[in-house]
Amino acid sequence: GGTTVRVRHVNEAFAGLVGKNRSELIGRPFAEAVPEGDNNGCLALLDRVYRTGTPENLVEQQHGQTPPAYWSYVVWAILGLDDHPAGVIIQVTDVTETAIFRRQSTDMNQALVLSAIRQHELTETADKLNVSLKASEVALADLHRRKDEFLAMLSHELRNPLSPILNAALL
């Protein structure tokens, strides 16, 4: 929304970064030089630094290329004779490798934390299952003991009335 920032000086490194010749950039709006044009987050930064004179930076801005690129910007004001900003200097650094490494490290750390949590949950579940299994074994042993007692009692009770019947049958 503020002043149109025009490129007055540019080095080969920046021209190479944006894939243009220096002559194509000089005198043109900065928005034409950067990915996303007017939607580049750096434009608001340039405007603020020009108005306030306070240096600022924008770290690892992602640009929607394929594969994605990440640039960091440092912007500071060029002060005129009246100590008011007369322009801005911008340093653009391609930090794609660092940004991708940082994101991969973050993802790996997150995956490790989640797997540790999951392992802890599985260990707790296994412990509960072991306790439950032990309780089932105890209950089963008790049931088995009671069955044996019942069969012993049943055979004893059946033997008593059967004896006179068996004797009578033999006679």
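Our subject is the structure that appears above.
Conventions used here
Residues numbered from 1 in each chain as written. Predicted model: local features only at pLDDT ≥ 70, side-chain atom pairs only at ≥ 80, totals over all residues. Heavy atoms only, no water. Core = buried A, V, L, I, M, F, W, Y, C linked by side-chain atoms within 4.5 Å. Buried < 20%, exposed > 50% of the residue type's maximum accessible area, 1.4 Å probe, protein only. Helix = DSSP H or I, 4+ residues; strand = E, 2+ residues; numbered from the N terminus. Pairing = 2+ DSSP bridges. Axes fitted to C-alpha atoms, helices over the stretch in contact; angles between N-to-C directions. Contact = heavy atoms within 4.5 Å.

**Here's the deal with the nonpolar core**
Looking at soluble globular proteins, one finds that nonpolar side chains tend to be buried together.
Moving on, step 1. Core analysis: the largest hydrophobic core is formed by 21 residues, its most contacted members being Phe14, Leu25, Phe30, Trp71 and Tyr73.
Moving on, step 2. When residues of this core are traced back to their parent elements, those giving at least two are α1 (12-18), α3 (42-52) and β2 (69-79).

**Overview of unusual backbone geometry**
Moving on, step 1. You will see that Asp83, though not glycine, has its phi angle at about 65 degrees, which is positive.
Moving on, step 2. Counting through the fold element by element, Asp83 comes out in the loop between β2 and β3 (85-94).
Moving on, step 3. Judged by relative accessible area, which is 59%, Asp83 ranks as exposed.

**Examining the pairing of β2**
Moving on, step 1. Where strand β1 (residues 56-63) meets β2, six bridges bridge the pair, whose relative direction is antiparallel. Within the sheet, the bridge partner assigned to Gln61 lies in β2 and is Trp71.
Moving on, step 2. Across nine bridges, β2 lies against β3 in antiparallel orientation. For Tyr73, the partnering residue across the bridge sits in β3 and is Val92.
Moving on, step 3. In this antiparallel pair of consecutive strands, β2 and β3, the connection spans five residues, and Asp83 shows a positive phi of 65 degrees.

**Considering the sheet that holds β1**
Moving on, step 1. A sheet is described by the order of its strands in space; here three strands give the open sequence β1-β2-β3, paired in antiparallel fashion. Strands at the two margins of the open sheet, each flanked by one partner only, are β1 and β3. Sheet twist, expressed as the mean angle between neighbouring strand axes with direction ignored, is 25 degrees.
Moving on, step 2. The sheet strands contacting helix α4 (residues 96-170) are β1, β2 and β3, and the helix crosses β2 at an angle near 125 degrees.

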